[in-house]
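What the coordinates show
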Amino acid sequence: MGGVRLLLDTGALLWWWSDPDRLSARVVSLLRDPANTVSVSATSAWEIATKHRIGKFPDGGRIVQQWNERITADRFAELPILCRHALRAGSLPGDHRDLFDRMIAAQSILEEVPVVSADEQISALGAERIWE
């Protein structure tokens, strides 16, 4: 029997790589289980690179440079941004203005995969969220 499918949000991804103690024991167990399929959205790469470029994430340059190696080492699957994701992200109700959160929520909904996220706003956008 196969494992579960998960989508990491950017915060959870960064904590996995730099400070895994900030993740719940359940999340760590799910991420370490080789039977599970863990996806990382292209949105996270875009968000990290953007925040590094504008000075909000000084350490982001190292992550951008090592992106492919890190994704491969952790056996994460890349989830591209498709037009249907963009249309759903732009159509999600509510006034949540973070475009990155909206895209990850839209991908979660359309791909029917829960998001690993500490951010409750993901749930408010309609995505299933796993944290505790």
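Details of the structure are given in the entry above.
Calculation rules
Residues numbered from 1 in each chain as written. Predicted model: local features only at pLDDT ≥ 70, side-chain atom pairs only at ≥ 80, totals over all residues. Heavy atoms only, no water. Helix = DSSP H or I, 4+ residues; strand = E, 2+ residues; numbered from the N terminus. Rg over C-alpha atoms; globule rule 2.2 N^0.38 Å. Buried < 20%, exposed > 50% of the residue type's maximum accessible area, 1.4 Å probe, protein only. Contact = heavy atoms within 4.5 Å. Areas by Shrake-Rupley, 256 points an atom, 1.4 Å probe, with all protein chains shown as cover. Lys, Arg positive; Asp, Glu negative; His and termini not counted. Charge placed at Lys NZ, Arg CZ, Asp CG, Glu CD. Axes fitted to C-alpha atoms, helices over the stretch in contact; angles between N-to-C directions. Left-handed = near helix turned anticlockwise from the far one by under 90°. Nonpolar A, V, L, I, M, F, W, Y, C, P; charged D, E, K, R; others polar. Pairing = 2+ DSSP bridges. Polar contact = N/O pair within 3.5 Å; in protein donor to acceptor, adjacent residues only side chain to side chain. Salt bridge = Lys/Arg side-chain N within 4 Å of Asp/Glu carboxyl O.

Right, let's talk about the overall build of the protein for a bit. Across its full length, the protein holds seven helices and five strands. Along the protein, from the amino end to the carboxyl end, the secondary structure elements read β-α-α-β-α-α-β-α-α-β-α-β. Over its C-alpha atoms the protein spans a radius of gyration of 14 Å, differing by no more than 12% from the 14 Å that the globule rule assigns to 132 residues. By residue count, 45% of the 132 residues in the protein fall in the buried class. Put simply, 60% of the contacts in the protein that link residues at least 6 apart link residues at least 24 apart. Surface accessibility of the protein: about 7500 Å² in total, with carbon and sulfur atoms responsible for 52%. The protein carries 15 positive and 18 negative side-chain charges, and their two centres are separated by 3 Å.

Another aspect to go through is the packing of helix α5 (residues 83-91) against helix α6 (residues 99-111). It is the contact of α5 with α6, at a shortest axis distance of 8 Å, that shows an interaxial angle of 115°. For α5 against α6, the interelement crossing comes out right-handed. In this structure, α5 contributes R84, H85, A86, R88, A89, G90 and S91 to the contact, and α6 contributes R102, M103, A106, Q107, I109, L110 and E111. Of the residues that constitute the contact of α5 with α6, the class distribution is six nonpolar, four polar and four charged.

Turning our attention to the pairing of strand β2 (residues 37-41). The buried fraction of β2 is high, at four of five residues. For strand β1 (residues 5-8) and β2, the ladder comprises four bridges, and the chain directions are parallel. Paired with L8 across the two strands is V40, which belongs to β2. Strand direction decides the pairing type here: β2 and strand β3 (residues 77-79), joined by three bridges, are parallel. Note that in β3 the partner of S41 across the bridge is L79.

In this section: the side chain of H85. Summarising the element assignment, H85 is placed in helix α5. Overall, the relative accessible area of 0% leaves H85 in the buried class. Polar side-chain contacts of H85 include one of 3.5 Å to the side chain of Q107. Contact partners of H85, with chain neighbours within four places excluded, come to L79, P80, M103, A106, Q107, L110 and E111.

On to the pattern of salt bridges. A side chain with one charge may pair with a side chain of the opposite charge, provided their charged atoms come close. For the coordinates displayed, the defined rule picks out two salt bridges. K51 is the partner of E47 in a salt bridge, and the nearest nitrogen-oxygen pair spans 2.8 Å. With a gap of four residues between them, E47 and K51 both fall in helix α3 (residues 42-53), about one helical turn apart. Given a relative accessible area of 27%, K51 falls into the partly exposed group. R84 is the salt-bridge partner of E111, the closest N and O atoms lying 2.5 Å from each other. Note that E111 is positioned in helix α6 and R84 in helix α5, a separation of 27 residues in sequence. A residue is classified by how much of its surface remains accessible, and R84, at 41% relative accessible area, is partly exposed.

Interpretation in functional terms is not warranted from these geometric data alone.
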